[in-house]
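Here are the chains, one letter per residue:
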Amino acid sequence: MKRFFAIIVFAALAVAMPYVIYTLYQNDKELTEKGIDVEATIVSVEGTGRSKDVKVEYKNKKGETVTAKGIINDGNYEVGREFKGKYLPDDPKTVHLPAKRTLKWLVYGICGFLALLGWGVLISLVKGAIFSRSVGAHGVITRAQVMNYNNETSVCTVSFRRADGLECTVDVRSDIPYGTGAYVNIKYIPKGKSARVIILGY
């Protein structure tokens, strides 16, 4: 169940992050290519955190004062602050303070890293699920002795004798911290001079 939940989480991460990058890039591109430059002033700030409601004023080409919602990306919401902003022709009621290039690339980099992480972990989890199902369906049941359990990596080292008499020591990932010297039931499929193993429990 934990593996299934983890697959869902990392699959969502792997799919969502590229979409986030694409959306941010398209929005930034549209604002750069179509945005109209204005000199805006912050006139009021309400709320806290991400729920801040920032109001700004600017003069349009007709010389009229327009009150609009301000999208401020640098965290400086000081009333009276003047800045060079942009608004889209179809949305003059929203003025954006364009993010600095370094900030944009930092966001792209973080999202890209999370996307790669999501795909990497997802592939590993799917391979693990296929491996567990394969061993579970076709493996041979036997007893094995726990030689060590690493709490940091959740890897259990077990030793057992295969049906052909070959002694094997194998590292197996396990969420259960089996005690050193304990005997556990395992299923294995021979692989060369070793084996592919899953732990069934005590």
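Above this text you will find the structure in question.
The text that follows walks through the structure, step by step, so that each part is easy to find.

Cut-offs and rules
Residues numbered from 1 in each chain as written. Predicted model: local features only at pLDDT ≥ 70, side-chain atom pairs only at ≥ 80, totals over all residues. Heavy atoms only, no water. Buried < 20%, exposed > 50% of the residue type's maximum accessible area, 1.4 Å probe, protein only. Helix = DSSP H or I, 4+ residues; strand = E, 2+ residues; numbered from the N terminus. Pairing = 2+ DSSP bridges. Phe/Tyr/Trp six-rings, centres within 6.5 Å; stacked < 30°, edge-to-face > 60°. Axes fitted to C-alpha atoms, helices over the stretch in contact; angles between N-to-C directions.

1. Remarks on the pairing of strand β8 (residues 167-173)
The side chains of a regular strand alternate between both faces of the sheet.
(1) Moving on: Where burial is concerned, the two faces of β8 differ: the one with Cys 168, Val 170 and Val 172 is buried and the one with Glu 167, Thr 169, Asp 171 and Arg 173 is not.
(2) Moving on: Pairing geometry for strand β7 (residues 155-161) and β8, over seven bridges, is antiparallel. Each bridged residue has a counterpart across the sheet, and for Ser 159 the counterpart in β8 is Thr 169.
(3) Moving on: The turn linking β7 back onto β8 is made up of five residues, and Gly 165 within it adopts a positive phi angle of 90°.

2. As for the packing of aromatic side chains
We describe a pair of aromatic rings using the distance from one ring centre to the other and the angle between the two ring planes.
(1) Moving on: Going through the model one piece at a time under the given rule, you end up with four aromatic pairs.
(2) Moving on: Note on Trp 105 and Tyr 108: the rings are 5.6 Å apart at their centroids and 80° apart in plane angle, and the pair reads as edge-to-face. With Trp 105 and Tyr 108 both in helix α2 (residues 101-138) and three residues apart, the pair spans about one turn of that helix.
(3) Moving on: Looking at Trp 105, the relative accessible area reads 57%, which means it is exposed.
(4) Moving on: For Tyr 108, a relative accessible area of 15% gives the class buried.
(5) Moving on: When the ring of Phe 160 is compared with that of Tyr 188, the centres are 5.1 Å apart and the planes differ by 40°; the resulting orientation is tilted. Residue Phe 160 is located in strand β7, and its partner Tyr 188 is located in strand β9 (residues 183-191); the two are separated by 28 residues in the primary sequence. With respect to burial, Phe 160 and Tyr 188 carry one shared label: buried.

3. Some points on the sheet that holds β9
Two pairing modes exist for strands in a sheet, parallel and antiparallel, and in both the strands are linked by backbone hydrogen bonds.
(1) Moving on: Strands sit in the order β8-β7-β6-β9-β10 across an open sheet of five strands; the sheet is antiparallel. In this open sheet, the two edge strands, each paired with only one partner strand, are β8 and β10 (194-201). Here the average twist between neighbouring strands, direction ignored, is 40°.

4. With respect to the sheet that holds strand β2 (residues 53-59)
(1) Moving on: The five strands lie next to each other as β1-β2-β3-β5-β4, forming a closed barrel whose pairing is mixed. On average, adjacent strands in this sheet sit at an angle of 50° to one another, irrespective of strand direction.
(2) Moving on: As judged from the five bridges shared by β2 and strand β3 (residues 65-71), these two strands associate in the antiparallel manner. By the bridge assignment for β3, Lys 59 is matched with Thr 65.

5. A few points about the pairing of β7
(1) Moving on: Along β7, five of the seven residues are buried, which leaves the element largely enclosed by surrounding structure.
(2) Moving on: Hairpin remark: strand β6 (residues 140-150) followed by β7, antiparallel, with four residues in the connecting loop; positive phi at Ser 154, about 55°.

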